[in-house]
Amino acid sequence: MRRDIVEIKAKSVSGFVHKAELAVLAEKGYVVEAKMTIYDYALQYLKDFPPADAAYHNYKETTELLNTLAANNPETASLFSAGKTVEGRDIWCLRLNTTEKGGKPSSKPGALYIGNHHAREHLSNEVALGLAAYLLEHKNDADIKKYLQTLDIYIIPMLNADGAEYDIKTGKYRWHRKNTRINADKTIGVDLNRNYDMRWCTAGASHSPYSDTYCGTAPFSEPETLAVKKFIEARKNIKTLMSYHSYSDLLLYPWAGLDTPLENEKDRKVFEKLAKGMVAFTGYKPEQASDLYVATGDTTDWAYATAGIFAFTTELEGGGFYPGTGIIARAVTNNVKAAVYLLSVTDDPYKVLR
Ligand code: 0X9
Ligand code: ZN
């Protein structure tokens, strides 16, 4: 007999049986109330990075760190949910602002940093978390203090929390990019960086659900991108945005979906100047996003076109999606400097032209 009883209650038992045993038990009059494969049972307990990459933060650790940062800095930080993912996880947003907390509007110029649009780009969560930790650790430095007092800073480190968890949940990386929407054909995921409503799905994106660049059934069909849309539409004060991705050592600016330069020459010059200011710290290559490849429906084109936000994509370093833990400290240090530079111009990005 292949049975392993784990728990005996008054009217039921739970444990492990070989699937062939189920019929034998049924014959004896037992009723199976619930069952799952031993594989699914094990999955419930894995859900984490491989041991060598344990320094990366999974969703639970990300949530805990954000809560700790907010709890330890109540005069500066507040944590709130910007919406829910497909699977119902909270999309956490840490706000740094010495006067307004939570969802309360602010008229101070705003900056928004987002990580982990793409599931397997775990370094992007680390950089966003590292930025949050740095700003709070240095809250009494003269320059940082000024930004915390005069700006409205938002950090959403793990937009695609479902995808990030899905990528690690077997204990081995799955190379997953998209969210975890179950599509009509049962394939998994929509590419969140093709789901924004800007020239949606007209180039560099696919209508095929199995594609890694599947744009979804409609613009903003996904709760994660819809959360960003609502977030930005509710906060007209946001002037700058950084979306962290990996990997290519690049700093990209609109257009992503058109291979011609931004029509507004003044804005194009601002983008170029700001990019130059940031890459001085990272050593990344600044270029128009479409120089990498033309792709429509990304965060930055939409944010710039609809809200006039100076929105950038950073393609972090590391030479791969899983560059190990050794890269984290350096990537955080340099990208924090670039992010602080972006804060230094958020009050009036056009000042770089003067
Ligand atoms: O393709 C993307 O969404 C980004 N690259 S990634 O390897 N992280 O997936 C690039 C987005 C910028 N847009 C364009 N290059 N068009
Ligand atoms: Zn990406």
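A quick note: this is a predicted structure, and the numbers were derived from the prediction, not measured.

Colleague: In this structure, what is going on with the state of the cysteines? I would like to understand it.
Modeller: Working definition of a disulfide: a covalent bond connecting the sulfur atoms of two cysteines. For the coordinates displayed, the defined rule picks out 1 disulfide. Across a sulfur-sulfur distance of 2.2 Å, C201 and C215 are joined as a disulfide pair. Here C201 and C215 share a disulfide; its torsion about the S-S bond, -80 degrees, makes the bridge left-handed. Of this pair, C201 sits in the loop between α6 (161-168) and α7 (223-233) while C215 sits in the loop between α6 and α7, placing them 14 residues apart in sequence.

Colleague: Even after reading the chapter, I still don't get the coordination of the zinc ion (ligand 2), so can you show me in this structure?
Modeller: Note on metal sites: the ideal angle is 109.5 degrees for four tetrahedral donors, and 90 or 180 degrees for six octahedral donors. Ligation of the zinc ion (ligand 2) by protein atoms is provided by H118 (ND1), E121 (OE), E121 (OE) and H245 (ND1), these donors lying 2.0 to 2.4 Å from the ion. Note on E121: relative accessible area 2%, which makes it buried.

Colleague: I tried to follow the site of ligand 1 on my own but got confused; where do I start?
Modeller: Surrounding ligand 1, one finds 15 residues, the nearest of these being R177, N193, R194, Y293 and E315. At 2.5 Å from an oxygen atom of ligand 1 is found a side-chain nitrogen or oxygen belonging to R177. The backbone of A295 places a nitrogen or oxygen atom 3.4 Å from a nitrogen atom of ligand 1. Alone, ligand 1 offers 410 Å² of accessible surface; in the complex the protein occludes 95% of this. Breaking the shell around ligand 1 down by element, the ones donating at least two residues are β7 (238-246) and α9 (289-292). For the shell around ligand 1, a count of residues per class yields 6 nonpolar, 4 polar and 5 charged.

Colleague: Where do I start with the domain arrangement of the chain in this structure?
Modeller: How big an interface is tends to be expressed through the accessible area that disappears when the partners come together. Structurally, the chain comprises domain 1 (3-35) and domain 2 (46-353). In this structure, domain 1 and domain 2 have C-alpha centres spaced 48 Å apart.

Colleague: Quick question: what am I supposed to make of helix α8 (residues 265-282) here?
Modeller: Structural remark: α-helix, 3.6 residues per turn; residues separated by three or four positions point the same way. If you check α8, its first and last C-alpha atoms are 26 Å apart, about what 18 residues at 1.5 Å a residue would give, namely 26 Å. Listed in full, the buried residues belonging to α8 are D267, V270, F271, L274, A275, G277, M278, V279 and T282. Packing partners of the buried residues in α8 comprise β7, β8 (250-253), β9 (285-288), α10 (299-307), β10 (310-316) and α11 (328-346). Between a side-chain oxygen at the N-terminus of α8 and the backbone nitrogen of K266 the separation is 3.1 Å; the capping residue is N264. G283, located one to two residues past α8, shows a positive phi value of around 75 degrees.

Colleague: Help me out: how do you make sense of the environment of S246 in this one?
Modeller: Tracing the sequence through the fold places S246 in strand β7. Placed 124 residues apart in sequence, S246 and H122 show a C-alpha to C-alpha distance of 8.2 Å. With sequence-adjacent residues up to four places away left out, S246 is seen in contact with E121, E315, L316 and F321.

Colleague: How should I be thinking about the nonpolar core in this particular structure?
Modeller: The biggest cluster of nonpolar side chains holds 84 residues, and the ones touching the most others in it are Y113, I153, L274 and F312. When residues of this core are assigned to their parent elements, the largest contribution, 11 residues, is made by α11. Filtering out sequence-adjacent residues up to four positions away, L274 remains in contact with F310, F312, Y341, L342, V345, P349 and V352.

Colleague: I would appreciate a short explanation of the pattern of salt bridges in the present structure.
Modeller: As a working rule, side chains carrying opposite charge can pair if their charged atoms are close by. Applying the stated criterion across every chain, the model contains 19 salt bridges. A salt bridge links E233 to K229, with the shortest nitrogen-to-oxygen separation between them at 3.2 Å. You can see E233 and its partner K229 sitting in helix α7, 4 residues apart, about one turn around the helix. Note on E233: relative accessible area 37%, which makes it partly exposed. Residue classification places K229 among the partly exposed residues on the basis of a relative accessible area of 22%. When the shortest N-O distance is used, the salt bridge between R354 and D348 registers 2.7 Å. With relative accessibility at 72%, the residue R354 sits in the exposed group.

Colleague: Whenever I open this one, the packing of aromatic side chains confuses me. Can you help?
Modeller: Remark: the centre distance and the inter-plane angle together describe each pair of aromatic rings, the angle taken between the planes. Scanning the entire structure with this criterion turns up 19 aromatic pairs. For the pair Y253 and F271, a centre-to-centre distance of 6.0 Å together with 20 degrees between the ring planes defines the contact as stacked. Remark: F271 occurs in helix α8 and Y253 occurs in strand β8; sequence separation between them is 18 residues. Residue F271 is classed as buried on the basis of its relative accessible area, which comes to 0%. Each ring, one from W255 and one from Y304, has its centre 5.6 Å from the other, and the planes form 65 degrees; the classification is edge-to-face. Here the residue W255 occupies a position in the loop between β8 and α8, and Y304 occupies one in helix α10, the gap between them amounting to 49 residues. Taking relative accessible area as the criterion, W255 reaches 5% and is therefore assigned buried.

Reading the values: rules and limits
Position numbers for residues count from 1 along each chain, tracking the sequence in the order it is written. Key to labels: chains lettered from A, ligands numbered from 1, both in the order written. Given that the model is predicted, a residue must reach a pLDDT of at least 70 before its local features are reported, and side-chain atom pairs must reach 80 or more before they are shown or counted; all residues, however, enter totals for whole chains, interfaces and linings. With hydrogens and water set aside, each side-chain value is computed from the structure's full complement of heavy atoms. Only a pair of cysteine sulfur atoms within 2.5 Å counts as a disulfide in this structure description. Helix numbers and strand numbers start at the N terminus; a helix is a DSSP run of H or I with at least 4 residues, a strand a run of E with at least 2. Each metal site lists N, O and S donors within 2.8 Å (3.2 Å for Na, K and Ca). With water left out of the atoms, a site can look as if it is missing ligands. Each residue gets one of three labels from its accessible area relative to the maximum for its type: buried under 20%, exposed over 50%, partly exposed in between, using a 1.4 Å probe on protein chains only. Any residue with at least one heavy atom within 4 Å of a molecule or strand is counted as near it. Identification of polar contacts relies on pairs of N or O atoms within 3.5 Å, with a donor-acceptor requirement for protein atoms, meaning one able to donate a hydrogen and the other able to accept it, and with residues adjacent in sequence counted only if both atoms are side-chain atoms. Accessibility throughout is a Shrake-Rupley quantity obtained with a 1.4 Å probe, and a residue counts as covered only by protein chains that appear here. Asp, Glu, Lys and Arg are counted as charged, while Ala, Val, Leu, Ile, Met, Phe, Trp, Tyr, Cys and Pro are counted as nonpolar; the rest, among them Gly, fall into the polar class. An automatic or database domain assignment is the source of the domain bounds shown. Between the first and last residue of a helix there are one fewer steps than residues, each counted as 1.5 Å, and that sum is the expected span. Only heavy atoms matter for contacts: two residues are in contact if any of them lie within 4.5 Å across the pair. Residues enter a nonpolar core if they are buried and are Ala, Val, Leu, Ile, Met, Phe, Trp, Tyr or Cys, with the set joined through side-chain atoms within 4.5 Å. By salt bridge we mean one thing: a side-chain nitrogen of Lys or Arg within 4 Å of a carboxyl oxygen of Asp or Glu. Here the aromatic set is Phe, Tyr and Trp, taking the six-membered ring for Trp, and pairing holds for ring centres within 6.5 Å; pairs whose planes are under 30 degrees apart are stacked, those over 60 apart are edge-to-face, and all others are tilted.

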